[in-house]
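A structural walkthrough
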Amino acid sequence: MGYVCAENASSNSTSPFLQIVEHPDGTVTRPVSPLAPPSGEQSDAPVISKDVPLNPTNNTWLRIYRPNPLPPTRKLPVVIYFHGGGFVIFSAASAFYHNSCEAMTRAVSALVISLEYRLAPEHRLPAAYEDAVETVLWVQSQARDPTGGDPWVTGHGDFSRCFLMGSSAGANMAYHAGLLATALELLPLRLLGLILNQPYFGGVERTPSETRSEEDIILPLRANDMLWHLALPKGVDRDHEFCNPAVAVPPELRHLPKCLVKGFEGDPLVDRQREFAKMLEREGASVVVQFEKGGFHAVELFDPATAEALFAEVRQFISGGC
């Protein structure tokens, strides 16, 4: 991923999360990661992208991706995407998430809208969930104003086929935004599914996969502990609903759209993900569960073959084939 250690951060691990430095004033120094600009509209690349503001007060914005050229006879499903980073680091412009969204746009043939959301600890949860819901409402506003909205979205997005997708903490966001969206009148937008790739959940009691992860190269146990310490509201433990959805089943769960839950056996979070998927099934939610052998957390950002397989599953899910 090309991480660069922040000054005074730990240099004994390749995990970017262990390179976060917490300061007494409640802020953090984050590891620096390469950023990628949007392509702009003049590019002849197979995917083009641009940034549009969401909420200038919160300094949130959206990076929109579309295939180039466009399919000649049909509109594109809309995928609202939330990046990972434990709620604490990274950006929609981080090069590896930008490249991943480009690849997904091309592979799935979709309009992808990636959110630059507020990060903890300066903005603890539920700030990121609020930004996610604001993105859904922004897309709805485009559907309601086809002449005054963004031309990429209004001209090429199929508002009857919208999906929330996230990786890691972004998948946690997609789930919670999906819950919040059940109370909203979203028409003419139709939210058809949640795509939850290696969702980031936790809890007070260690799971076996967490216990085995002390020296995990991506998400070692002490980094996992630190991220939840920085992200959760002050004064709550890791059995809070934002972290551990299995502790108290929300009544909105039964109204969720269809969910795809994707995980890997080599991920320290896999036990949490299995527990979460079982909760969805037990409560009668419509869910597709796909767990693979091997792998590790965020594997699709490192391994092109895994990324291609994930995007094929996303394409099948969006088309209604699973």
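Structure: above.
In what follows, the accompanying structure is described. Note that the structure is a prediction, hence the values are computed from the model and not measured. (Residues numbered from 1 in each chain as written. Predicted model: local features only at pLDDT ≥ 70, side-chain atom pairs only at ≥ 80, totals over all residues. Heavy atoms only, no water.)

Below, the discussion takes up the packing of helix 2 (residues 127–144) against helix 4 (residues 169–181). In contact at an axis separation of 9 Å, helix 2 and helix 4 are set at 65° when each is read in the N-to-C sense. The hand of the helix 2/helix 4 crossing is right-handed. When helix 2 is examined against helix 4, the residues Ala-128, Tyr-129, Ala-132 and Val-133 are found in contact with a partner set consisting of Asn-172, Met-173, His-176, Ala-177 and Leu-180. Grouping the amino acids of the contact of helix 2 with helix 4 by side-chain chemistry returns seven nonpolar, two polar and no charged. (Axes fitted to C-alpha atoms, helices over the stretch in contact; angles between N-to-C directions. Helix = DSSP H or I, 4+ residues; strand = E, 2+ residues; numbered from the N terminus. Left-handed = near helix turned anticlockwise from the far one by under 90°. Contact = heavy atoms within 4.5 Å. Nonpolar A, V, L, I, M, F, W, Y, C, P; charged D, E, K, R; others polar.)

Moving on: helix 6 (residues 221–231). With respect to burial, helix 6 is a largely interior element, eight of its 11 residues being buried. Where helix 6 is concerned, the buried positions are Leu-221, Ala-223, Asn-224, Met-226, Leu-227, Trp-228, Leu-230 and Ala-231. (Buried < 20%, exposed > 50% of the residue type's maximum accessible area, 1.4 Å probe, protein only.)

Ranked by internal contacts, the top residues of the largest apolar core, which has 100 residues, are Phe-87 and Leu-280. When neighbours within four sequence positions are excluded, Phe-87 is seen to be in contact with Leu-119, Ala-120, Leu-125, Ala-128, Tyr-129, Ala-169, Asn-172, Met-173, Tyr-200, Trp-228 and Ala-231. (Core = buried A, V, L, I, M, F, W, Y, C linked by side-chain atoms within 4.5 Å.)

The next thing to look at is the packing of aromatic side chains. Taken as a whole and judged by the stated rule, the model has 14 aromatic pairs. Ring geometry for Phe-87 against Tyr-129: centres 6.5 Å apart, planes inclined by 85°, an arrangement best described as edge-to-face. Separated by 42 residues along the polypeptide, Phe-87 in the loop between strand 5 (76–82) and helix 1 (95–108) and Tyr-129 in helix 2 bring together distant segments of the chain. Each member of the pair Phe-87 and Tyr-129 is classed as buried. Taken together, the ring pairs in this structure connect Phe-87, Tyr-129, Tyr-200, Trp-228 and Phe-242 into an aromatic cluster. Its end group placed over the ring of Trp-152, Arg-66 keeps NZ or CZ at 4.9 Å from the ring centre. When the ring centre of Phe-291 is taken as origin, the NZ or CZ atom of Arg-274, which lies over that ring, is 4.4 Å away. (Phe/Tyr/Trp six-rings, centres within 6.5 Å; stacked < 30°, edge-to-face > 60°. Lys NZ or Arg CZ within 6 Å of the ring centre and 35° of its normal.)

So, about the pairing of strand 4 (residues 60–67). For strand 4, the tally of buried residues reaches eight of eight residues, placing the bulk of the element in the interior. Residues Thr-60, Leu-62, Ile-64 and Arg-66 of strand 4 are buried on one face, and the alternating residues Trp-61, Arg-63, Tyr-65 and Pro-67, pointing to the opposite face, are buried as well. One ladder, built from eight bridges, connects strand 3 (residues 47–55) with strand 4; its direction is antiparallel. What sits directly across from Pro-53, in strand 4, is Trp-61. (Pairing = 2+ DSSP bridges.)

A few words now on the environment of Val-289. Tracing the backbone shows Val-289 in strand 10 (residues 287–292). Distance from Val-289 to Cys-259, taken between C-alpha atoms, is 8.3 Å for residues 30 residues apart in sequence. Not counting the four nearest positions on each side in its chain, Val-289 is found in contact with Val-261, Ala-277 and Glu-281.

All chains considered together, the criterion is met by two cavities of 30 Å³ or more. Estimated volume of the second largest cavity: approximately 30 Å³. Forming the boundary of the second largest cavity are Tyr-81, Ser-100, Met-165, Ser-167, Asn-197, Glu-300, Leu-310 and Phe-311. At the level of secondary structure, the elements contributing two or more residues to the lining of the second largest cavity comprise strand 7 (157–167) and helix 8 (304–318). Residue composition of the lining of the second largest cavity, by class: four nonpolar, three polar and one charged. (1 Å grid on protein atoms, 1.4 Å probe; cavity = no way out; pocket = protein on both sides within 12 Å on 5 of 7 lines; lining within 4 Å. Points joined across faces, edges and corners; volume = space filled by probe spheres on them.)

Pairing in this open sheet of eight strands is mixed, and the strands run 3-4-6-5-7-8-9-10 from one edge to the other. The two strands at the open ends of the sheet, each matched to only one other strand, are strand 3 and strand 10. The sheet shows a mean angle of 20° between the axes of neighbouring strands, taken without regard to direction. Of the pairings in the sheet, the one linking strand 5 to strand 7 comprises seven bridges and is parallel in character. Residue pairing in the sheet places Phe-82 in a bridge with Gly-166 of strand 7. The strands touched by helix 7 (residues 270–282) within the sheet are strand 8 (191–197), strand 9 (258–264) and strand 10, with strand 9 carrying the most contacts at an inclination of about 155°.

Here the residue pair Asn-68 and Pro-69 is connected by a cis peptide bond, since its omega of 5° sits within 30 degrees of zero. Of the consecutive residues Leu-187 and Pro-188, the connecting peptide bond is found in the cis state with omega at 10°. Examined against the element boundaries, Pro-188 turns out to sit in the loop between helix 4 and strand 8. Unlike most non-glycine residues, Phe-90 shows phi in positive territory, near 80°. By the element assignment, Phe-90 lies in the loop between strand 5 and helix 1. Judged by its relative accessible area of 10%, Phe-90 is buried.

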